[in-house]
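In case you want the letters, here they are:
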Amino acid sequence: MPLFTVDERCIQCGLCSELCVARIIKMNDGEGPEVLPEDEEKCITCGQCVSFCPTSACFLDIQPLEDRIEVLPELMPSAEIAETFLRSRRSVRRYKSESVDESLVHRIIETCRYAPTASNSQLVRWVVTSDREQTKKLGGMVVDTFRGMLSIDIEEKVAHMLGAVVRAWDAGHDVIFRTAPHLAVAVFDRKHTFQEDAAIALTYFELAAHANEIGCCWAGFFTTAARQSSEIQKFLGVGENEMIVGGQMFGYPSGLGLSHILPPRKKASLTWI
Ligand SMILES: Cc1cc2nc3c(=O)[nH]c(=O)nc-3n(C[C@H](O)[C@H](O)[C@H](O)COP(=O)(O)O)c2cc1C
């Protein structure tokens, strides 16, 4: 089965060939577009040909039909609705202890599959803590890592912040995961150079969660500790060739619905050149 095919709907407009990043879709005079067998390995499977074909005639054999989902224009938000959605996202730091429905977590991660990745590598891997108990245990490991860091010579400003975190934890405040029942960790292959992929995926996660009324917050303290601690990496099943790029704590918000007023923000800094 060839990697790229077109069906009878092809109007030979050549758009697939023009959009192909690898420039391997060739227009055969009168016979329609094709990818030569020897060029197939150059395809990055980005699916530009499939997505933008005006008659939906292009197919990639790596995409099963059930994964070929139509974009319905009637489901697109207006610019105002989309902007309100994006601007109303807030970090949530008040959670119910109950676990989020597993199917909802899958739904959020499904949306993350569509985040852009360099060369369409799609190498982000997710590790998710399954309940509050696991997440709390991980929080304890983060604090223990900070205790260890405080016993060595670190920058005064950092020591001050980590010291405050440890004291708050010891006083019974979960300042690491804010009582969230879950943490979603984006893990990345070290061989691949673009860490941005995982950061973008985490951003998609937060926005997809917002769309499903699930609260999220970036877990920066966790990331700091996780990059230092082989115990945390082991606990999460992160291999030597992988790195932890970041995490989102998440759960059902407790007593918080949609935010009411947009927060103050610095004026945008924009330079036209
Ligand atoms: C990389 C990163 C790390 C963060 N780490 C933490 C964290 O460890 N704990 C926390 O409560 N919030 C954390 N935050 C959330 C920020 O404090 C928050 O995004 C910022 O105050 C703006 O508020 P908003 O998200 O409600 O708009 C982090 C945010 C980012 C982007």
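Everything numeric in this text was worked out from a predicted model, so none of it was measured.

### Notes on the nonpolar core
A general trend in soluble globular proteins is that nonpolar side chains are found buried together.
Logical step 1: Judged by nonpolar contacts, the single largest core of 31 residues is most densely connected at F146, F222, I232 and L236.
Logical step 2: Sorting the residues of this core by element identifies α5 (132–150), α6 (156–170), β6 (182–189), α8 (220–228) and β8 (242–251) as the ones contributing at least two each.
Logical step 3: A total of six residues in this core trace back to one element, the largest contributor, which is α5.
Logical step 4: Those residues in contact with L236 that lie beyond four places of it in its chain are V127, L138, V185, F222 and I244.
Logical step 5: In terms of nonpolar packing, the next biggest core, distinct from the first, is built from 22 residues, V100, V105, A201 and F250 among them.

### Observations regarding helix α7 (residues 196–211)
Logical step 1: Over its 16 residues, α7 runs 22 Å from end to end, which matches the ideal 22 Å to within 8%, given 1.5 Å per residue.
Logical step 2: For α7, the set of buried residues is D197, A198, A201, L202, F205, E206, A208, A209 and H210.
Logical step 3: Looking at the buried residues of α7, the elements they touch are α3 (79–87), α4 (102–112), β5 (125–128), β6, β7 (215–218) and β8.
Logical step 4: Within two residues after α7, E213 carries a phi angle of roughly 60°, on the positive side.

### Quick notes on the site of the ligand
Logical step 1: Surveying the vicinity of the ligand reveals the residues R89, R90, S91, R93, R178, C217, W218, A219, G220, F221 and R265.
Logical step 2: One of the side-chain N or O atoms of R89 is found 2.9 Å from an oxygen atom in the ligand.
Logical step 3: Those elements that place two or more of their residues in the shell around the ligand are β7 and α8.
Logical step 4: A class-by-class count of the residues in the shell around the ligand yields four nonpolar, two polar and five charged.

### Details of the packing of α5 against α8
Logical step 1: Look at α5 against α8: their axes get within 9 Å of each other, and the N-to-C directions meet at 65°. When the axes of α5 and α8 are compared, the pair comes out roughly perpendicular. Here the hand of the crossing between α5 and α8 comes out left-handed. Contacts from L138, V142, T145, F146 and M149 in α5 reach F221, F222, T224, A225 and Q228 in α8.
Logical step 2: Considered class by class, the residues forming the contact of α5 with α8 number seven nonpolar, three polar and no charged.

### Some remarks on unusual backbone geometry
Trans is the common state for peptide bonds, and a negative phi is the common state for residues other than glycine.
Logical step 1: In this model, R23 sits at a positive phi of 55°, which is unusual for a non-glycine residue.
Logical step 2: By relative accessible area, R23 is classed as exposed at 64%.

### Re the packing of aromatic side chains
Logical step 1: Under the definition given, this model contains four aromatic pairs.
Logical step 2: Judged by centre distance (5.4 Å) and plane angle (40°), the ring pair of W126 and F205 falls under tilted. Of this pair, W126 sits in strand β5 while F205 sits in helix α7, and the two are 79 residues apart along the sequence.
Logical step 3: Take F205: its relative accessible area is 0%, and that puts it in the buried class.

### Details of the state of the cysteines
Logical step 1: As enumerated under the stated definition, the model contains zero disulfides in all.
Logical step 2: Take C46: it sits in no disulfide, and the sulfur closest to it among the cysteines is that of C49, at 6.4 Å.
Logical step 3: Not engaged in a disulfide, the cysteine C49 finds its nearest cysteine sulfur in C58; these two sulfurs lie 5.4 Å apart.
Logical step 4: Residue C49 is classed as buried on the basis of its relative accessible area of 9%.

Calculation criteria
- Residues numbered from 1 in each chain as written.
- Predicted model: local features only at pLDDT ≥ 70, side-chain atom pairs only at ≥ 80, totals over all residues.
- Heavy atoms only, no water.
- Core = buried A, V, L, I, M, F, W, Y, C linked by side-chain atoms within 4.5 Å.
- Buried < 20%, exposed > 50% of the residue type's maximum accessible area, 1.4 Å probe, protein only.
- Helix = DSSP H or I, 4+ residues; strand = E, 2+ residues; numbered from the N terminus.
- Contact = heavy atoms within 4.5 Å.
- Expected span 1.5 Å × (residues − 1).
- Near = heavy atom within 4 Å.
- Polar contact = N/O pair within 3.5 Å; in protein donor to acceptor, adjacent residues only side chain to side chain.
- Nonpolar A, V, L, I, M, F, W, Y, C, P; charged D, E, K, R; others polar.
- Axes fitted to C-alpha atoms, helices over the stretch in contact; angles between N-to-C directions.
- Parallel < 35°, antiparallel > 145°, perpendicular 65-115°, else oblique.
- Left-handed = near helix turned anticlockwise from the far one by under 90°.
- Phe/Tyr/Trp six-rings, centres within 6.5 Å; stacked < 30°, edge-to-face > 60°.
- Disulfide = S-S within 2.5 Å.

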